[in-house]
Amino acid sequence: MGELNRRIVTDGQVFPGDVLKVDSFLNHQIDPEIMHEITGKWLEYFKDREITKILTIEASGIAPAIIVASTLGVPMLFAKKATPSTLTNHDLYTTPVHSYTKNVTNEILVSKKYLSPDDKVLIVDDFLANGEAALGLADLVEQSGAEVVGIGICIEKSYQPGRQKLDDAGYEVYSVSRIQSLANGRVEFLSE
Ligand code: G4P
């Protein structure tokens, strides 16, 4: 069993509504060691891809994204969920993202200045559930004419539709932890 799966077993909590709480090490308090473990796996999987930029979405994707970016020596860009007053609509790539857990659709956005057709972009995020966030990020990249070289995920809930949607859309996905079920409060992983 990998380090992240071990940590999920020891410190994760399954909450009603099919939610895995990992905020003691992944998305509230952050353990740098486990972040390095995760990002090391992404870097190994996506090596030799000539990545020029890391793209994620605020807030929880930012921590692993900055580690990968600093290791590769490339910029990290995060999509925002609200338009800053310093940017106007024609400066932005935007796309709607529906959150099934919150039942709202929000525009996510990045400045056109920070994606260009010669970029090779690795998208990363903490969770893959319904895949809407990752598909939205990929859409922002496609709008700019840049290339999505792959999608790195910390924890994939493999029984939800996100992974299939990304596979069907032709994106290469690598998830460090793949969860098969959270039924009855127990975490079961896909065999490694
Ligand atoms: P998606 O991210 O794959 O599109 O699926 P969904 O709409 O279901 O997820 C909405 C939010 O809930 C996302 O964070 C996602 O990371 C998070 N999420 C989904 N399943 C779980 C889970 O089992 N445990 C935890 N802890 N989070 C989960 P977000 O709203 O964008 O929040 P944040 O990045 O600002 O933290």
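It is worth spelling out the site of the ligand at this point. Around the ligand, a shell composed of 22 residues is seen, among which Leu20, Ser60, Lys102, Gly131 and Lys157 lie nearest. The backbone of Ala59 places a nitrogen or oxygen atom 3.2 Å from an oxygen atom of the ligand. Taking 710 Å² as the accessible area of the ligand by itself, protein coverage stands at 83%. The element that contributes the greatest number of residues to the shell around the ligand is strand β7 (residues 120-128), accounting for three residues.

The next subject is the environment of Lys53. Along the chain, Lys53 turns up in strand β3 (residues 53-57). Lys53 sits in the buried class, given a relative accessible area of 11%. Taking the C-alpha atoms as reference, Lys53 lies 7.2 Å from Leu77; in sequence the two are 24 residues apart. Look past the residues within four positions of Lys53 in its chain and what remains in contact with it is Val74, Pro75, Leu77, Tyr114, Leu115, Asp119, Lys120, Val121 and Leu122. A polar side-chain atom of Lys53 sits 2.6 Å from the main-chain carbonyl oxygen of Tyr114.

The next thing to look at is the packing of helix α2 (residues 32-45) against helix α3 (residues 62-72). How two helices pack is summed up by the angle between their axes together with the distance between the axes. Here α2 crosses α3 at 55°, and the two axes come no closer than 9 Å. With respect to α3, the axis of α2 lies oblique. Pair α2 / α3 crosses with right-handed handedness. Contact with α2, carried on its side by Met35, His36, Thr39, Trp42 and Leu43, involves Ala63, Pro64, Ile67, Val68, Thr71 and Leu72 of α3 and no other residues of that element. Across the contact of α2 with α3, the residue classes break down as eight nonpolar, three polar and no charged.

Next up on the list: the sheet that holds β3. What the six strands build is an open sheet, ordered β4-β3-β7-β8-β9-β10; its pairing is mixed. Of all strands in the sheet, those bounded by a partner on one side alone are β4 (76-79) and β10 (188-189). Direction of pairing for β7 relative to strand β8 (residues 147-157): parallel, over a ladder of eight bridges. Each residue of the ladder has a partner; that of Val121, found in β8, is Val148.

Cut-offs used in this document
- All residue numbers refer to positions counted from 1 along the written sequence of the respective chain.
- Only residues with pLDDT of at least 70 are given local features in this predicted model, and only at 80 or more are side-chain atom pairs given and counted; all residues enter the totals for whole chains, interfaces and linings.
- Values reported for side chains reflect all heavy atoms of the structure, with hydrogen atoms and water molecules removed beforehand.
- A single heavy atom is enough: if one lies within 4 Å of a molecule or strand, its residue is considered near that molecule or strand.
- Polar contact criterion, stated in full: a pair of N or O atoms within 3.5 Å, where within protein one must be able to donate a hydrogen and the other to accept it, and residues adjacent in sequence count only if both atoms are side-chain atoms.
- Surface accessibility follows the Shrake-Rupley procedure with a 1.4 Å probe radius. Residue values consider only the protein chains on display as shielding.
- A run of H or I in DSSP becomes a helix once it reaches four residues, and a run of E becomes a strand once it reaches two; helices and strands are each numbered from the N terminus.
- For every residue, the accessible area obtained with a 1.4 Å probe (protein chains only) is divided by the maximum for its type, and the residue is called buried under 20%, exposed over 50%, and partly exposed between those limits.
- The contact criterion used throughout is that any non-hydrogen atoms of two residues lie within 4.5 Å.
- Note on method: axes are straight lines fitted to C-alpha atoms, helices fitted across the in-contact stretch only, with angles between N-to-C directions ranging 0 to 180 degrees.
- What sets the label is the angle itself: under 35 degrees gives roughly parallel, over 145 gives roughly antiparallel, 65 to 115 gives roughly perpendicular, and the rest give oblique.
- Left-handed describes a crossing whose near helix is turned anticlockwise from the far helix by less than a right angle; the clockwise case is right-handed.
- When residues are grouped by polarity, Ala, Val, Leu, Ile, Met, Phe, Trp, Tyr, Cys and Pro land in nonpolar, Asp, Glu, Lys and Arg in charged, and all others, Gly among them, in polar.
- Strands pair, by our definition, only if DSSP identifies at least two bridges between them.

Scope: geometric values only; no functional claims are made or implied.
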